[in-house]
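Architecture and fold: a report
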Amino acid sequence: MQLKKVRGLAAADSVLTRIDPLDLSSLPETVLRRTRKLFGDDATPESSVLQMLRDVRAEGDSAARRYAKLLDDADLEDLEIPADELEAAWESTPADLKHALKLAADRITSFHEATLPRDWVDLGGGLGELVRPLERVGLYAPGGTAAYPSTVLMTAIPARVAGVKEVVLTTPRRGNEPLNTTVLAAARIAGVDAVYQIGGVPAIGALAYGTESIRKVDKICGPGNVFVAYAKRMVQGQVDIDGVFGPTETIVLADATANPVFCAADLIAQAEHDPMASAILVTDSNSLVAAIESELDAQIEPNPRADTIRHSLERQGCIVLVGDFEEAVAVANRIAPEHLCLMVSDPWAWAGQIRNAGGLFLGEFSPEVMGDYIAGPSHVMPTGGTARFSSALSVHHFLRTMPVVGLSPHLFSDLGPAAVRIAEAEGLPGHAGAVQARLDHLAATKSR
């Protein structure tokens with residue numbers, strides 16, 4: 001399979017464009033027609049999101065049930081599924097899958113426990129910082145063409161490790177079909193407190209504003225389609241969110257020593273997500289390019305998702321040819337991908353030069369797929385170049401810090417005059433007076 005090719009940093013910068021995760025204007029006509037059918041002839045995707053959020057905020061469970069029927073053809077009596085359904089899902093899970101989920105959960109837990117920040121206090125300096133978890137977090141798990149039990153583990157476990165008191169999950173029920181049992185099993189092993197069978201924008205509204213059945217949360221995490229992303233942005237400020245994520249993306253940096261079978265397999269794994277996924281190869285080896293393109297044909301053909309893979313690679317795939325590996329690293333740092341894989345002879349030697357990536361995967365046996373499922377760090381990572389300023393989901397996203405100031409009288413006497421002077425420079429005599437009153441008190445007490 002021939003992929004689009006560009007040469008050099010400048011060309012890569014102009015060709016590798018980003019997809020705005022909130023761009024509702026490029027939705028296919030089929031989606032626009034359905035929006036008008038459901039919400040009226042004048043409805044737009046934006047207006048439909050706002051209407052659903054307003055309705056859920058005003059009507060609570062009633063609106064959530066109405067939209068579950070309208071959007072997913074689901075007749076819901078109770079929004080929450082019984083706890084015994086979680087237990088039954090776990091019990092019905094095959095033994096080998098149970099083992100895999102437990103192994104993943106253990107590794108995710110260990111990784112996040114190692115990253116926990118701690119309280120600190122400096123009594124001499126009169127300063128400290130207290131670390132406190134959020135009280136309640138809501139997770140969203142999509143229910144489209146694929147189920148994502150791994151996302152449940154990757155979001156719920158960091159929250160639990162951070163000390164969040166209550167973690168709840170929403171995921172849509174499609175018609176009268178039961179919820180995916182592996183998603184429920186993952187929720188059970190991750191310690192999710194409650195699972196609600198609603199999805200899409202109404203689920204985001206319920207988590208943000210609360211309903212009779214669902215208490216409002218402090219933060220919403222989890223992936224979703226463009227409607228879910230837009231809804232998360234609309235409720236941000238009412239609650240915190242983990243971010244607004246666009247299509248997934250991987251860059252494979254490979255030199256002449258890279259195994260073309262592995263490189264092709266990694267590009268395919270990325271492309272099979274959906275037609276908007278980006279799978280990009282950056283290399284200084286022409287011979288490797290030819291070998292990988294040959295491998296793509298061989299590996300795509302038997303894949304059940306071959307159509308999606310080809311569409312993704314034709315639309316979003318790309319090969320960037322560079323003069324040397326320093327330029328390859330420069331391309332990666334400029335693009336700031338969600339996933340960056342170093343398929344080179346000595347990946348650790350180059351790791352220190354990587355500045356911008358959601359996650360870094362070093363060597364032939366650390367493919368991004370291992371990060372998706374079992375390596376340990378969360379696979380919820382910044383997309384669309386936001387790795388320049390954002391980090392992968394971690395315990396830090398579920399924690400707040402409170403600075404503590406506890407100055408002794410002696411230290412206050414040393415620092416107070418400077419505070420007075422700055423307050424005066426800002427034209428705030430009340431601020432200066434609050435400090436000066438204490439300085440005068442200490443001076444008077446000392447003179448007695």
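Coordinates for the structure precede this section.
Figured I'd write up the structure that's included with this text.

Remarks on the overall build of the protein
Regarding its fold elements, the protein presents 18 helices and 14 strands. Along the first, second and third principal axes, the C-alpha atoms of the protein reach 90 × 60 × 50 Å. Within the protein, buried positions represent 49% of all 448 residues. Taking all contacts inside the protein whose residues are at least 6 apart in sequence as the whole, residues at least 24 apart take part in 73%. For the protein, the exposed area adds up to about 21200 Å²; of that, 53% sits on carbon and sulfur atoms. Looking at the protein, you have 40 positive and 58 negative side-chain charges, and the mean spots of the two groups are 6 Å apart.

What about the packing of helix H11 (residues 260–271) against helix H13 (residues 306–315)?
Each packed pair of helices is defined by two parameters, the angle between the axes and the distance between the axes. Running from N to C, H11 and H13 cross one another at 100°; their axes reach a closest spacing of 8 Å. Accordingly, the angle class assigned to the pair H11 and H13 is roughly perpendicular. Along the contact surface, H11 presents Leu 267, Ile 268 and Ala 271, while H13 presents Thr 308, Ile 309, Ser 312 and Leu 313. Residues that form the contact of H11 with H13 fall into these classes: five nonpolar, two polar and no charged.

Describing the side chain of Thr 383
As for its placement among the helices and strands, Thr 383 is situated in the loop between helix H16 (368–373) and strand S14 (399–405). In this structure, Thr 383 is in contact with Phe 245, Gly 246, Pro 247, Glu 249 and Glu 338, ignoring residues within four places of it in sequence.

Brief notes about the nonpolar core
Ile 198, Ile 220 and Val 235 are the most contacted members of the largest nonpolar core, which has 42 residues in total. Broken down by secondary-structure element, the contributors of at least two residues to this core are helix H2 (29–39), helix H3 (45–59), helix H4 (61–72), strand S6 (194–196), helix H9 (200–209) and helix H10 (226–235). Not counting residues up to four positions away in its chain, the partners in contact with Val 235 are Leu 53, Ile 204, Ala 208, Tyr 209 and Ile 220. Residues Ala 156, Val 161, Ala 185 and Phe 398 belong to the second largest nonpolar core, which totals 40 residues.

Some thoughts on helix H14 (residues 325–335)
Of all the positions in H14, only Phe 325, Ala 328, Val 329, Val 331, Ala 332, Asn 333 and Ile 335 are classed as buried. Its buried side turned inward, H14 meets helix H1 (8–15), strand S9 (249–254), strand S10 (278–283), strand S11 (318–321), strand S12 (339–343) and helix H15 (347–351). With a side-chain oxygen lying 3.3 Å from the backbone nitrogen of Glu 326, the N-terminal cap of H14 falls on Asp 324.

A closer look at a nonpolar patch on the surface
A surface patch of nonpolar side chains, amounting to about 470 Å² of accessible area, comprises Trp 120, Leu 127, Val 405, Leu 407 and Leu 415. Within the secondary structure layout, Leu 127 lies in strand S3 (residues 127–133). Using a relative accessible area of 41% as the deciding quantity, one classes Leu 127 as partly exposed.

About the thresholds
- Residues numbered from 1 in each chain as written.
- Predicted model: local features only at pLDDT ≥ 70, side-chain atom pairs only at ≥ 80, totals over all residues.
- Heavy atoms only, no water.
- Helix = DSSP H or I, 4+ residues; strand = E, 2+ residues; numbered from the N terminus.
- Buried < 20%, exposed > 50% of the residue type's maximum accessible area, 1.4 Å probe, protein only.
- Contact = heavy atoms within 4.5 Å.
- Areas by Shrake-Rupley, 256 points an atom, 1.4 Å probe, with all protein chains shown as cover.
- Lys, Arg positive; Asp, Glu negative; His and termini not counted.
- Charge placed at Lys NZ, Arg CZ, Asp CG, Glu CD.
- Axes fitted to C-alpha atoms, helices over the stretch in contact; angles between N-to-C directions.
- Parallel < 35°, antiparallel > 145°, perpendicular 65-115°, else oblique.
- Nonpolar A, V, L, I, M, F, W, Y, C, P; charged D, E, K, R; others polar.
- Core = buried A, V, L, I, M, F, W, Y, C linked by side-chain atoms within 4.5 Å.
- Polar contact = N/O pair within 3.5 Å; in protein donor to acceptor, adjacent residues only side chain to side chain.
- Patch = residues over 30% accessible without salt bridge, like charges linked within 9 Å, V, L, I, M, F, W, Y side chains within 5 Å.
- Salt bridge = Lys/Arg side-chain N within 4 Å of Asp/Glu carboxyl O.

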